[in-house]
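The lines below spell out each chain.
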Amino acid sequence: MIHKYKMNGLSIVMDVNGGSVHVVDDVTYDLLDHYEAYRDGQMDEKALHESMSGYEPEEISASLKEVEELEKEGLLYTEDTYPELAAFRNRKPVIKALCLNIAHDCNLKCRYCFAQQGDFGGAKCLMPLSVGKRALEFLVENSGNRRNLEVDFFGGEPLMNFDVVKELVHYGNKLGQERNKNFRFTITTNGVLLDDKKIDFINEHMHNAVLSLDGRKKINDDMRLTMVDTGSYDLIVPKFQRLVEKRGNKTYYIRGTFTRNSLDFSEDVKHFKELGFVHTSMEPVVSADENPYAIREEDLPEILAEYEKLALEYADMKVKGDPFSFFHFIVDLTQGPCVIKRITGCGAGTEYLSITPEGDIYPCHQFVGNEAYKMGNIMEEEVHLPEEMQTYFKNAHVYTKEDCRTCFSKFYCSGGCHANAISFNGDIHKPYKIGCEMQRKRLECAIMIEAKRMIDGAEEDAEETREEVLFL
Amino acid sequence: MKKHIKTLTKSTLKKSVIKGGCGECQTSCAD
């Protein structure tokens, strides 16, 4: 299975099951439309040449020879043999990450919030220290031989319960030393309560900080409102700039959400750059169709064009060595995760769980409040996660999702978001179509950017070297 | 040296099968 497309002056061919990526010329690009029919004997060489009458015969023959060589080398039309891998078939996932909903309360009232202003449709409350401690112990007890453990402080707004966050970080580090585990903490915040003390603690202890801001002031303030219905941009931006300025080289993301009202979201990403932020992300809102800001299928052409517009500008930046990064355009073509990881995806319900302030356990933060997916309570004498539900999530992967099997993006998106599949299609095995379309476009953009960087970046480096030699 | 095709990366998935599945990767919502 191959996927080919043209973007930014490049003709790109992906060997989907092998992971190879090639840049080809026009004759090869067109030849690949007929190659399988020719190879399988449904077309002889004469017919092949006739179907490509715009090219010289010797060009076609030379291109054909190269394609045949690549296939022989296992770099094109690779077979998908991964479902038979023992490491995949016999895998026994252990829990390695928890999302702690440290506060079911919030000091903003963003119009699109899936947590419904922080309380997930329930009572407003904060996680007691006892629940958080028990959750960390549960994680250690159920993590098998896995050494690196992840804990996300989430909400609601976690800074509203920051004393408990601090206590849990210290407790986790102590627990880790005793049990030979390495806790990696992250926090997602709207920034309202940030001050220098909190910033210093976050920068010292949080492996990643996700900072919520939607971009341009007008766009942000249309959706992200304070409790007195004013925009939050002027309050938040200086605090995030302060945090990032003091953060050094540690990971963070300025994370925005775009909606139907901001389909020109590339301008918001560029605004992040103007504000001095380097690590950025912009996610599509996921919301029911009846909401006026929800993204609809009819918006897709505009959204896909916007991703490509951003990608062209971003490619120029990367060729010049600009460190600015956009989360969905980051792809590692030299290795990336192993194929087992790529097949099995996010690990919700099997490797990753979400805990509410009351201690209720859900497959991930997107399921919180949906009683049908409650898996137990962390404070029970003995926690027995429902085996049937864990198996249900474990068996939801790219080979059990029919749409994924034939998708060129399957080893990069790993089957998409389970919660979105259930929410929009009522079936974990039917991916959310709008999300898939965007994912495919982002992957095409990301690979084009890497190709540009590898080809033009190398030329630029060579040019700089030439200039240096001349200068000397 | 191929004239018509420039290969940017070779078969990363097949390589990763050798030691795949160690589980030490981060959740996702080397040597």
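Residues numbered from 1 in each chain as written. Chains lettered and ligands numbered in written order. Predicted model: local features only at pLDDT ≥ 70, side-chain atom pairs only at ≥ 80, totals over all residues. Heavy atoms only, no water.

Caption draft 1: Region of the structure containing the packing of helix 6 (residues 129-141) of chain A against helix 7 (residues 162-179) of chain A. All names here are of chain A. Relative to each other, helix 6 and helix 7 sit at 30°, their axes nearing to 10 Å. On the basis of the axis angle, helix 6 is roughly parallel to helix 7. Crossing of helix 6 against helix 7: the hand is right-handed. Along its contact with helix 6, which presents Leu129, Gly132, Lys133, Leu136, Glu137 and Val140, the element helix 7 presents Val164, Glu167, Leu168, Tyr171, Gly172, Leu175 and Arg179. Split into classes, the residues belonging to the contact of helix 6 with helix 7 amount to seven nonpolar, two polar and four charged. (Axes fitted to C-alpha atoms, helices over the stretch in contact; angles between N-to-C directions. Helix = DSSP H or I, 4+ residues; strand = E, 2+ residues; numbered from the N terminus. Parallel < 35°, antiparallel > 145°, perpendicular 65-115°, else oblique. Left-handed = near helix turned anticlockwise from the far one by under 90°. Contact = heavy atoms within 4.5 Å. Nonpolar A, V, L, I, M, F, W, Y, C, P; charged D, E, K, R; others polar.)

Caption draft 2: Representation of the pattern of salt bridges. Residues and elements named next belong to chain A. If you walk through the whole model with that rule in mind, you get 36 salt bridges over all chains. Its salt-bridge partner being Lys309, residue Glu267 comes within 3.3 Å of it at the nearest N-O pair. In this pair, Glu267 is assigned in helix 11 (residues 266-274) and Lys309 in helix 12 (residues 300-319), connecting sequence segments 42 residues apart. What makes Glu267 partly exposed here is its relative accessible area of 28%. A salt bridge links Arg453 to Glu450; the shortest N-O distance between them is 2.9 Å. Of this pair, Arg453 and Glu450 both sit in helix 18 (residues 433-471), three residues apart, which is roughly one turn of the helix. Accessibility expressed as a relative area gives 35% for Arg453, which makes it partly exposed. Connected through salt bridges with shared partners, the residues Glu36, Arg39, Asp40 and Glu71 form a single ionic network. (Salt bridge = Lys/Arg side-chain N within 4 Å of Asp/Glu carboxyl O. Buried < 20%, exposed > 50% of the residue type's maximum accessible area, 1.4 Å probe, protein only.)

Caption draft 3: Broad picture of the side chain of Lys4 of chain A. Residue and element names in this part refer to chain A. For Lys4, the location among the structural elements is in strand 1 (residues 2-7). At 2.9 Å, the side chain of Lys4 and the backbone oxygen of Tyr29 are in polar contact. Within the local environment of Lys4, its side chain forms a polar contact with the side chain of Asp33, the two groups lying 2.9 Å apart. Filtering out sequence-adjacent residues up to four positions away, Lys4 remains in contact with Ile12, Val13, Tyr29, Leu32 and Asp33. (Polar contact = N/O pair within 3.5 Å; in protein donor to acceptor, adjacent residues only side chain to side chain.)

Caption draft 4: Looking closely at the pairing of strand 7 (residues 182-189) of chain A. Residue and element names in this part refer to chain A. In terms of burial, strand 7 is largely enclosed, as six of its eight residues are buried. In the sheet, strand 6 (residues 148-155) pairs with strand 7 via six bridges, with the strands oriented parallel. Among the inter-strand pairings, Leu149 is bridged to a residue of strand 7, identified as Phe183. Since strand 6 and strand 7 lie parallel, the crossover through helix 7 that links them has a hand, and here it is right-handed. Summarising the sheet, strand 7 and strand 8 (residues 206-212) pair through five bridges and their orientation is parallel. From the neighbouring strand, Thr186 faces strand 8, where its bridge partner is Asn208. With helix 8 (residues 196-205) bridging strand 7 and the parallel strand 8, this β-α-β connection has right-handed handedness. (Pairing = 2+ DSSP bridges. Right-handed = clockwise from strand over helix to strand, strands pointing away.)

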